[in-house]
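# Overview (structure and organization)
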Amino acid sequence: MAKDFTIIVTIALCLIAAHPASSAEAVTFTVPSKVGTGGFAYAPLDPTPIGISFEFFAFPSYFTNVTATQQCLANWKALTGVWPPIRIGGTTQDRAQYDSKTSAYVVYSVADAKDAPSALTFGSKFMTLAGTYEGSVVVGLNRGKNDLENTIAAARVAVSEVKNLLAIELGNEPEYWVKDGQPITSGVNWTPATDAASQKDWSIRVGSAVGKTNIVQAGNWNEAPPKWGAAQLIATENATVKSYVRHYAHHNYPGGSIQSLMTHSAISKNIHTFDADIAAARAIGKQYVFGETNSVSGGGAAAVSPTFGAGLWTMDYALRATYSNISRTYFHHGTVGNCQYCFWGRYSMGAPYYGAYAAVALMAGASHLAALDNGSTNYAAYATFDSRGLPLRVILYNSDYFAGSGMRTTQSFTLAGLTSSTVRAKRLTAASATSRVDQGSPPSFGGQQFDNGSCAISGTETFETTPVSGGQATFSVKATEALLVYLQ
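Treat the numbers as computed from the prediction; the structure is a model and nothing was measured.

Rules of the game
- Residues numbered from 1 in each chain as written.
- Predicted model: local features only at pLDDT ≥ 70, side-chain atom pairs only at ≥ 80, totals over all residues.
- Heavy atoms only, no water.
- Helix = DSSP H or I, 4+ residues; strand = E, 2+ residues; numbered from the N terminus.
- Rg over C-alpha atoms; globule rule 2.2 N^0.38 Å.
- Buried < 20%, exposed > 50% of the residue type's maximum accessible area, 1.4 Å probe, protein only.
- Contact = heavy atoms within 4.5 Å.
- Areas by Shrake-Rupley, 256 points an atom, 1.4 Å probe, with all protein chains shown as cover.
- Lys, Arg positive; Asp, Glu negative; His and termini not counted.
- Charge placed at Lys NZ, Arg CZ, Asp CG, Glu CD.
- Pairing = 2+ DSSP bridges.
- Axes fitted to C-alpha atoms, helices over the stretch in contact; angles between N-to-C directions.
- 1 Å grid on protein atoms, 1.4 Å probe; cavity = no way out; pocket = protein on both sides within 12 Å on 5 of 7 lines; lining within 4 Å.
- Points joined across faces, edges and corners; volume = space filled by probe spheres on them.
- Nonpolar A, V, L, I, M, F, W, Y, C, P; charged D, E, K, R; others polar.
- Disulfide = S-S within 2.5 Å.
- Expected span 1.5 Å × (residues − 1).
- Arc of directions from axis to C-beta.
- Parallel < 35°, antiparallel > 145°, perpendicular 65-115°, else oblique.
- Left-handed = near helix turned anticlockwise from the far one by under 90°.

Turning our eyes to something else, we now look at the overall build of the chain. What the chain contains, in helices and strands, is 14 helices and 25 strands. Relative to the compact-globule value of 23 Å for 488 residues, the chain shows a C-alpha radius of gyration of 23 Å, a close match. Based on the C-alpha atoms only, the size of the chain along its principal axes is roughly 70 × 45 × 35 Å. The 488 residues of the chain split such that 59% are buried. Intrachain contacts of the chain at a sequence separation of at least 6 include 78% that bridge at least 24 residues. As displayed, the chain offers around 17800 Å² of accessible surface, 50% of which is attributable to carbon and sulfur atoms. In the chain, which carries 33 positive and 32 negative side-chain charges, the distance between the mean positions of the two groups comes to 4 Å.

Structure, rendered in structure tokens:
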């Protein structure tokens, strides 16, 4: 990580007094001494639980015309030692057909550069570009057009060119295909059962054609389960179909206002929507992922998605999902230059990147994640554990809403069960929940920021040091703020 130098700030009582607590009593969490103790649930961690989804037609642009892409991904690798996973797909994957003769990445025309194409073709060069990425890659292909041979041809190129290919999707959000006029729904009563039959058939046919089992990322619906969901699909699958499936995926865009989006109890409730599907996938030894997700569908909402409040949602949402055994969460990035929820673009960073970065920092190199709270209040605490099962880091989150006017309250958090004499922490903060990078009010994490246009880290890395007494330490976290505490 680039940095000028490190400042250690000792938090004494005078500094705590400078951030007065609200009338609420301190929230106390006991950090378990080891994985498996304390009556908590512990989620095993993928080396890279947070990834990026790129809209299919826009992927080449992100990788060839957006400077920040490589650096933003590299920043996470610097924390974890592993390149984050990417998924290439979205609505336009079911508008795209493979053209073996084209030398272009993609071919399409639009009236406005901010539009997504209604039809496009792509060549083998598209897959070759995806193959340059050092992390794992999921590639979404077309099922909606009902051209199995074309999709098999594209899948063969993906297997050949994408050296880190993790899985292939066969269709995106099939519950909308009747509305979209996709040919596969013509003349049939398109229901979850019809889609399930199609998914099973295509999984076997495409998997057989490329000579690979454990290759399909199945599901990929956006409407909430159980009507459209993994549990109903799995219940109809035989052993042959299951052998071709690597993961089951769902999409999720919670929406709402900044306040409702970032509220911790609301995040926890939203994630519980997927409990049955997660359990169904795990019961047959398969992972469950959020294959595409972000704050508000359709590229985001201008008044919500670019804000610091959405950044805190990104952090808490990714952590709650991971704790709930959603193995990976891919945050979607749409049309370059017309994407309110994107973490970065050609010219400006997005505040949500800060929240994602803090979540990556908490989980980096860890083996397990536990939630220390029950998800019923505005106050959250998550702990990670190292390969020995010992506590590594804790993040504290105050989701009380602060819009920038009036008094900004402070909540005290007490961590018990600590074994060192002091602990260090990095603060994730901004002027308010409505703060936006593109409006001159960027957040900071540990005193540092990510430069517009490049995603390079700038500023002085700042740690706050807090004394531990009797195995306890108390921290002040303002409304709309989070604090990452390092226990080792």
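There is more to say after this.
The strand order β4-β5-β9-β10-β11-β12-β13-β14 describes a closed barrel built from eight strands, whose pairing is parallel. If you compare each strand with its neighbour and ignore which way they point, the axes differ by 25° on average.

Below, the discussion takes up empty space enclosed by the protein. Tallied over the entire structure, the rule returns three cavities of 30 Å³ or more. In this model, the largest cavity occupies a volume close to 70 Å³. Going through the elements one at a time, α3 (68-80) and α14 (352-363) are the ones with two or more residues in the lining of the largest cavity. Class assignment for the residues of the lining of the largest cavity results in nine nonpolar, two polar and one charged.

Evaluated as defined, the whole model comprises two disulfides. What pairs with C72 in a disulfide is C455, and their sulfur atoms sit 2.1 Å apart. Around the S-S axis, the bridge from C72 to C455 shows a dihedral of about 110° and counts as right-handed. On the criterion of sequence distance, the pair formed by C72 in helix α3 and C455 in the loop between β21 (449-450) and β22 (457-458) is long-range, its members being 383 residues apart. We note that C72, like C455, is buried. The disulfide that involves C339 links it to C342, with 2.0 Å between the sulfurs. Between C339 and C342 the sulfur-sulfur dihedral comes to about 85°; the bridge is accordingly right-handed.

With an omega of 15°, the peptide bond running from P225 to P226 counts as cis. With respect to the helices, strands and loops of the structure, P226 is situated in the loop between β11 (216-221) and α8 (230-234). Phi at N220 takes a positive value of approximately 70°, unusual for a residue other than glycine. Among the structural elements, N220 can be located in strand β11.

This paragraph deals with α3. Taking 1.5 Å of rise per residue, the 13 residues of α3 would be expected to cover 18 Å, and the 19 Å separating its terminal C-alpha atoms lies within 8% of that figure. Regarding α3, the residues found buried are A68, T69, C72, L73, N75, W76 and T80. Looking down the long axis of α3, one finds its buried residues gathered within 140° of arc, a one-sided arrangement. On its buried side, α3 packs onto β4 (50-55), α2 (59-64), α14, β21 and β22. The positive-phi residue at the C-terminal boundary of α3 is G81, with phi of around 85°.

Note that L120 resides in strand β8 (residues 120-122). You can call L120 buried: its relative accessible area is 4%. Residues L120 and Y108 lie twelve residues apart in sequence; the distance between their C-alpha atoms is 4.8 Å. For L120, the contacting residues outside a window of four places in its chain are F56, F57, T92, R95, A96, Q97, V106, V107 and Y108.

We now examine α14. Taking 1.5 Å of rise per residue, the twelve residues of α14 would be expected to cover 16 Å, and the 17 Å separating its terminal C-alpha atoms lies within 8% of that figure. Just downstream of α14, G365 is the residue with a positive phi angle, here 70°.

Moving on, we come to the packing of helix α5 (residues 148-161) against helix α7 (residues 192-210). If you want to describe how two helices pack, look at the angle between their axes and the distance between the axes. Relative orientation of the contacting elements α5 and α7 amounts to 45°, with a least axis distance of 9 Å. Overall, the two elements α5 and α7 adopt an arrangement that is oblique. Along this stretch, α5 crosses α7, giving a crossing that reads as right-handed. On α7, the residues that touch L148, T151, I152, A155, R156 and V159 of α5 are W202, R205, V206, A209 and V210. Here the residues of the contact of α5 with α7 are counted per class, giving eight nonpolar, one polar and two charged.

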